[in-house]
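# Working through the structure, step by step
Spelled out, the chains give:
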Amino acid sequence: MKFIDEYRNADDSKRIVDKIKNILRHNWYIMEICGGQTHTILKYRLEEILPEKITLLHGPGCPVCVTSVEFIDKAIQLSFHKDVILTSYGDMLRVPGTKYSLLYSKSIGANVKTIYSPIDALKLAKDYPDKKIIFFAIGFETTAPATASSIIQARKMGLKNFFVLCAHVLVPPAIEILLKSQLTKIDGIIAAGHVCTVMGFKEYIPIAKKYKVPIVVTGFEPNDLLLGIFMTVKQLEEGRYDVENQYKRAVREEGNMSAKKIMFDVFEVVDRKWRGIGFINNSGLKIKKEFEDMDAEKVFSLNTQIDEIDTECIAGLILQGIKKPVDCLNFARKCTPENPLGAPMVSSEGSCNAYYKFGSVKINN
Ligand code: SF4
């Protein structure tokens, strides 16, 4: 298959791994931020062909996993409002809030629907004018432009029954928090290609310099990741801390200017709480005043004071790369994709889910 097979070619993989072995002198900890990349690493067993001196850490780039309990509880509250249809992506429905999930609220009478894009929610708003359609919007810079576009579209269409519960978050502030932390050990970073397709990579340049950590923008196929790891190791061995772009076929330094424009026409940057990590300054997107007639948090009454829950899930440590899923006592025992205790096992981009699905690794406990 053109444009895929060439990035999965086993001979090329071996050549890249040999190049890594030839330059490798020291032990390095390299974090891939994106959950999609974690899945590729596990699916193609890349850790098994890499030299032992390289340890891969899995970062917080799973949109479902980082959405705070508060937002899930707000979505659940909204789903019980009169005449509301609460819409979101499938994985989001299964993640537990303080007491239960959106899927459970659906089972006890709330009107909750799975959608595949905000366009589906807009269509529902058009088709059901007597209902209030709320789109629970989650995710990073990759999905935020589509949410922004749906808000502008709803305004153009004159829809009065379309609302957004906006839980979008931004990646660079989260990377900074991890690099500042005493608990994490990160020598180099593999940055998510799709986030940079939208945002470009200028924002990463001061971060790489400040924390003396090379950052390599990387794609999602196995040989993309091996090449991204090679480029990171090369910088580390040479004592360089630059931002480099492995994913040139999709990413430009300035990103996608029209996607960024639409995003910042509709949203403004705010502080945001991340599940398992806590508040991160300037890491969230909020709907601007100009569009607040579509902001579900403004339009509907909500109880916003919700305590963090006590759980056996160590998702916070997993999302920060401090522990791996196999270090969790519940992994593959009490916690499975059928009976998940936490978001990283629910989500198709979660690292616990990746380890469970492609588990060539032994359980540590
Ligand atoms: S295995 Fe389950 S309980 Fe353990 S960290 Fe992952 S999601 Fe949480």
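Residues numbered from 1 in each chain as written. Predicted model: local features only at pLDDT ≥ 70, side-chain atom pairs only at ≥ 80, totals over all residues. Heavy atoms only, no water.

As a further point, take the side chain of Ser 79. Along the chain, the position of Ser 79 falls in helix H5 (residues 69-79). With relative accessibility at 2%, the residue Ser 79 sits in the buried group. A polar side-chain atom of Ser 79 sits 2.6 Å from the main-chain carbonyl oxygen of Ile 76. The residues touching Ser 79, leaving out its near neighbours within four places in the chain, are Val 84, Leu 86, Leu 102, Ser 105, Ala 110, Asn 111 and Val 112. (Helix = DSSP H or I, 4+ residues; strand = E, 2+ residues; numbered from the N terminus. Buried < 20%, exposed > 50% of the residue type's maximum accessible area, 1.4 Å probe, protein only. Polar contact = N/O pair within 3.5 Å; in protein donor to acceptor, adjacent residues only side chain to side chain. Contact = heavy atoms within 4.5 Å.)

Moving on, we come to the packing of helix H2 (residues 35-43) against helix H18 (residues 351-358). At a closest axis distance of 9 Å, the pairing of H2 and H18 adopts a crossing angle of 20 degrees. The pairing of H2 with H18 is recorded here as roughly parallel in orientation. As for the relative orientation of H2 and H18, their crossing is right-handed in sense. In contact with Thr 38, His 39, Leu 42 and Lys 43 of H2, H18 contributes Ser 351, Asn 353, Ala 354, Tyr 355, Lys 357 and Phe 358. Its residues assigned to classes, the contact of H2 with H18 comprises four nonpolar, four polar and two charged. (Axes fitted to C-alpha atoms, helices over the stretch in contact; angles between N-to-C directions. Parallel < 35°, antiparallel > 145°, perpendicular 65-115°, else oblique. Left-handed = near helix turned anticlockwise from the far one by under 90°. Nonpolar A, V, L, I, M, F, W, Y, C, P; charged D, E, K, R; others polar.)

So, on to the state of the cysteines. Should the sulfur atoms of two cysteines be covalently bonded, the bond is a disulfide. Inspection of every chain in the model, using the stated rule, returns one disulfide. Residue pairing for Cys 62: its cysteine sulfur links by disulfide to Cys 65, the two sulfurs lying 2.4 Å apart. Sign of the S-S torsion, about 70 degrees for the bond between Cys 62 and Cys 65, identifies this disulfide as right-handed. In terms of burial, Cys 62 and Cys 65 fall into one category: buried. (Disulfide = S-S within 2.5 Å.)

Taken together, the neighbourhood of the ligand is formed by Cys 313, Ile 314, Ala 315, Ile 318, Cys 328, Phe 331, Cys 335, Leu 341, Gly 342, Pro 344, Met 345 and Cys 352. Of all the secondary structure elements, the ones that give two or more residues to the shell around the ligand are helix H16 (315-319) and helix H17 (343-346). When grouped by side-chain class, the residues that make up the shell around the ligand number eleven nonpolar, one polar and no charged. (Near = heavy atom within 4 Å.)

Bringing the packing of aromatic side chains into the picture now. As enumerated under the stated definition, the model contains six aromatic pairs in all. Considering the side-chain rings of Tyr 89 and Phe 135, the 5.8 Å spacing of their centres and the 85 degrees angle between planes classify their relative orientation as edge-to-face. Placement of Tyr 89 in the loop between strand S3 (84-88) and helix H6 (90-94) and of Phe 135 in strand S5 (residues 132-137) is noted, with a sequence separation of 46 residues between them. Taking relative accessible area as the criterion, Tyr 89 reaches 19% and is therefore assigned buried. A centroid spacing of 6.1 Å and a plane angle of 45 degrees characterise the contact between Phe 140 and Trp 274, whose relative ring orientation is tilted. Pair noted here: Phe 140 is in the loop between S5 and helix H9 (144-157) and Trp 274 is in strand S10 (residues 267-274), with a separation of 134 residues, a long-range link. Take Phe 140 and Trp 274: they sit in the same class, and that class is buried. In this structure, Lys 74 packs its charged tip against the face of Phe 71, placed 4.8 Å from the ring centre. Residue placement shows Arg 249 over the ring face of Tyr 7; its charged tip is 3.6 Å from the ring centre. (Phe/Tyr/Trp six-rings, centres within 6.5 Å; stacked < 30°, edge-to-face > 60°. Lys NZ or Arg CZ within 6 Å of the ring centre and 35° of its normal.)

Throughout the structure, instances matching the rule amount to 21 salt bridges. With a shortest N-O distance of 3.7 Å, Lys 210 and Glu 176 are connected by a salt bridge. Highlighted residues: Lys 210 in helix H12 (residues 204-211) and Glu 176 in helix H10 (residues 171-180), separated in sequence by 34 residues. Taking relative accessible area as the criterion, Lys 210 reaches 56% and is therefore assigned exposed. Exposure remark for Glu 176: the relative accessible area of 22% places this residue in the partly exposed category. Beyond isolated ion pairs, a larger network of salt bridges with shared partners links Lys 209, Lys 234, Glu 238, Arg 240, Asp 242 and Glu 244. (Salt bridge = Lys/Arg side-chain N within 4 Å of Asp/Glu carboxyl O.)

Bringing the sheet that holds strand S6 (residues 162-166) into the picture now. Each strand in a sheet pairs with its neighbour through backbone hydrogen bonds, running either in the same direction (parallel) or in the opposite one (antiparallel). Reading across from one edge, S4-S3-S5-S6 is the order of the four strands in this open sheet, with parallel pairing throughout. Every other strand in the sheet has two partners, leaving strand S4 (112-114) and S6 as the edge strands with one partner each. For this sheet, the mean inter-axis angle between neighbouring strands, taken without regard to orientation, is 25 degrees. Both S3 and S4 contribute to a ladder of three bridges, which runs parallel. Within the sheet, the bridge partner assigned to Leu 86 lies in S4 and is Val 112. Contacting S5 and S6, H9 crosses the sheet at an angle of about 155 degrees to S6. (Pairing = 2+ DSSP bridges.)

Interaxial distance between H10 and H12 falls to 11 Å at its minimum, and their mutual angle equals 5 degrees. The orientation of H10 relative to H12 falls into the category roughly parallel. Packed against H10, whose contacting residues are Val 171, Pro 172, Ile 175, Glu 176, Leu 179 and Lys 180, the element H12 presents Tyr 204, Ile 207, Lys 210 and Tyr 211 at the interface. A per-class count over the contact of H10 with H12 returns seven nonpolar, no polar and three charged.

With that settled, the discussion passes to helix H8 (residues 118-127). Taken residue by residue, H8 has Pro 118, Ala 121, Leu 122, Leu 124 and Ala 125 as its buried positions. All buried residues of H8 fall inside an arc of 160 degrees around its axis, so they share one side. In H8, the exposed positions angled more than 90 degrees off the buried face are occupied by Ile 119, Lys 123 and Lys 126. Residues of H8 that are buried sit in contact with S3, S4, S5, H9 and S6. (Arc of directions from axis to C-beta.)

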